[in-house]
Amino acid sequence: MSTRGMLIVLSGPSGVGKGTVRKAMLKNSSIKFDYSVSMTTRQMRPGEVDGVDYYFRTNEEFEEEINNGGMLEYAKYVDHYYGTPLKYVNQKLDAGIDVLLEIEVNGAMQVREKMPDGVFIFLTPPDLTSLRDRITHRGTDDEKTIDKRMVQAKREIEMMTSYDYAVVNDKIPNAVEKIEGIIRAEHLRVPRVIDKYKKIIGD
Ligand SMILES: Nc1nc2c(ncn2[C@@H]2O[C@H](COP(=O)(O)OP(=O)(O)O)[C@@H](O)[C@H]2O)c(=O)[nH]1
Ligand SMILES: Nc1ncnc2c1ncn2[C@@H]1O[C@H](COP(=O)(O)OP(=O)(O)O)[C@@H](O)[C@H]1O
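Notes on the structure in this doc start here. This one's a predicted model, so the numbers in the text were calculated from it and none came from an experiment.

### With respect to the site of ligand 2
Stage number 1. Close contacts around ligand 2 come from 15 residues, with Gly15, Lys18, Gly19, Thr20 and Arg138 the closest.
Stage number 2. Within the contact set of ligand 2, an oxygen atom lies 2.5 Å away from a side-chain nitrogen or oxygen of Thr20.
Stage number 3. Notes on ligand 2: free accessible area 570 Å², of which the protein chains cover 73%.
Stage number 4. At the level of secondary structure, the elements contributing two or more residues to the shell around ligand 2 comprise helix H1 (18-27) and helix H5 (128-138).
Stage number 5. Examining the composition of the shell around ligand 2, we find that 3 residues originate from one element, H1, more than from any other.
Stage number 6. Here the residues of the shell around ligand 2 are counted per class, giving 3 nonpolar, 6 polar and 6 charged.

### Things to note about the site of ligand 1
Stage number 1. If you check the shell around ligand 1, you find 19 residues, and the closest are Ser14, Ser38, Arg42, Tyr54 and Tyr82.
Stage number 2. Contact distances for ligand 1 include 2.6 Å between an oxygen atom and a side-chain N or O atom of Ser38.
Stage number 3. Take Gly83: an N or O atom from its main chain is 2.9 Å from an oxygen atom of ligand 1.
Stage number 4. Expressed as a share of its isolated accessible area of 560 Å², the protein-covered part of ligand 1 is 95%.
Stage number 5. Within the residue set of the shell around ligand 1, elements represented by two or more residues are strand S5 (71-77) and strand S6 (80-85).

### Focus on the sheet that holds strand S4 (residues 54-56)
Stage number 1. Ordered by their spatial adjacency, 4 strands build an open sheet running S4-S3-S6-S5, and the pairing between neighbours is mixed. The sheet is open, and its two edges are formed by S4 and S5, each paired on a single side. Neighbouring strand axes in the sheet, compared pairwise and without regard to direction, differ in orientation by 25° on average.
Stage number 2. As paired strands, strand S3 (residues 38-40) and S4 are joined by 3 bridges and run parallel to one another. Among the inter-strand pairings, Ser38 is bridged to a residue of S4, identified as Tyr54.
Stage number 3. Helix-sheet contacts for helix H2 (residues 59-67) involve S3, S5 and S6, and the interaxial angle to S6 is about 40°.
Stage number 4. Sitting on the sheet, helix H3 (residues 86-94) touches S5 and S6, and the angle it makes with S6 is about 30°.

### Quick word on the pattern of salt bridges
Stage number 1. By the definition in use, this model includes 15 salt bridges.
Stage number 2. A salt bridge links Arg112 to Asp164, with the shortest nitrogen-to-oxygen separation between them at 3.1 Å. Remark: Asp164 occurs in the loop between helix H6 (143-158) and strand S9 (165-168) and Arg112 occurs in helix H4 (residues 105-114); sequence separation between them is 52 residues.
Stage number 3. Since its relative accessible area comes to 23%, Arg112 is described here as partly exposed.
Stage number 4. In the salt-bridge network here, residues are joined through shared partners; they are Arg45, Arg138, Asp141 and Arg149.

### Quick look at the side chain of Thr40
Stage number 1. Mapped onto the fold, Thr40 is located in strand S3.
Stage number 2. According to the relative accessible area criterion, Thr40 is buried, its value standing at 0%.
Stage number 3. Looking at Thr40, its side chain comes within polar contact range of the main-chain nitrogen of Arg42, at 3.1 Å.
Stage number 4. Beyond its immediate chain neighbours, meaning those up to four positions away, Thr40 contacts Tyr54, Tyr55, Phe56, Arg57, Phe62, Tyr81 and Tyr82.

### Description of the pairing of strand S8 (residues 119-124)
Stage number 1. Of all 6 residues in S8, 6 are buried, a share of seventy percent or more.
Stage number 2. Looking at chain direction, strand S1 (residues 7-11) and S8 are connected through 4 bridges and run parallel. Looking at the pairing, Val9 lines up with Phe120 of S8.

Rules behind the numbers
Residues numbered from 1 in each chain as written. Chains lettered and ligands numbered in written order. Predicted model: local features only at pLDDT ≥ 70, side-chain atom pairs only at ≥ 80, totals over all residues. Heavy atoms only, no water. Near = heavy atom within 4 Å. Polar contact = N/O pair within 3.5 Å; in protein donor to acceptor, adjacent residues only side chain to side chain. Areas by Shrake-Rupley, 256 points an atom, 1.4 Å probe, with all protein chains shown as cover. Helix = DSSP H or I, 4+ residues; strand = E, 2+ residues; numbered from the N terminus. Nonpolar A, V, L, I, M, F, W, Y, C, P; charged D, E, K, R; others polar. Pairing = 2+ DSSP bridges. Axes fitted to C-alpha atoms, helices over the stretch in contact; angles between N-to-C directions. Contact = heavy atoms within 4.5 Å. Salt bridge = Lys/Arg side-chain N within 4 Å of Asp/Glu carboxyl O. Buried < 20%, exposed > 50% of the residue type's maximum accessible area, 1.4 Å probe, protein only.

Okay, structure coming up:
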């Protein structure tokens, strides 16, 4: 029997670089995990693909999923629903595969309640000016949306105290190295490895 996979929750304000860091980590073969594609009601951005970046759904479809008990967590963020489909996460964890969620803070706190042995990592910007610059340069949001995301960013950074780890995304390779270090160390925590030693020490 394989041990259950580890749930890794990555949060941080919009534009801090969560997606960029996650994609850089997926390219690095030394750390293996699957990414849980979220469901959202926000509009698809140019270049995004349904089922790859998000499952893009209507409000009605999203609410139906909630009512059917299909979401591990969900939250409203800047006027839209975002949530994690439960089935995928459970299937992967049961198969012994680590799963990474890239979700905002309210959703992360719901996951903390349901899966307290998850690893909760908060990615922070070096400062708010560089955060705004990153969102602006990404070119996916108009000024009004950027303003809303900046207000939300300050609230999110306040919530950092509810996380296990804080990682500054100054340079992408630095952030990747730190997160990989956290994942490696978390795999060695005694409660995660104890089953392997039961033969020696008994139950
Ligand atoms: N609670 C929750 N938040 C999510 C989920 N998926 C994405 N988010 C968060 O929703 C926020 C907005 O996401 P998005 O519109 O893609 O903007 P971006 O993060 O700036 O690219 C970000 O903080 C995401 O991390 C989810 O499944 N659940
Ligand atoms: N360490 C970094 N330094 C400078 N720019 C970055 C860094 N990390 C990400 N970016 C850029 O910031 C923008 C937002 O990154 P993204 O991964 O979309 O953020 P998030 O997923 O957190 O919203 C992108 O244009 C990305 O290329």
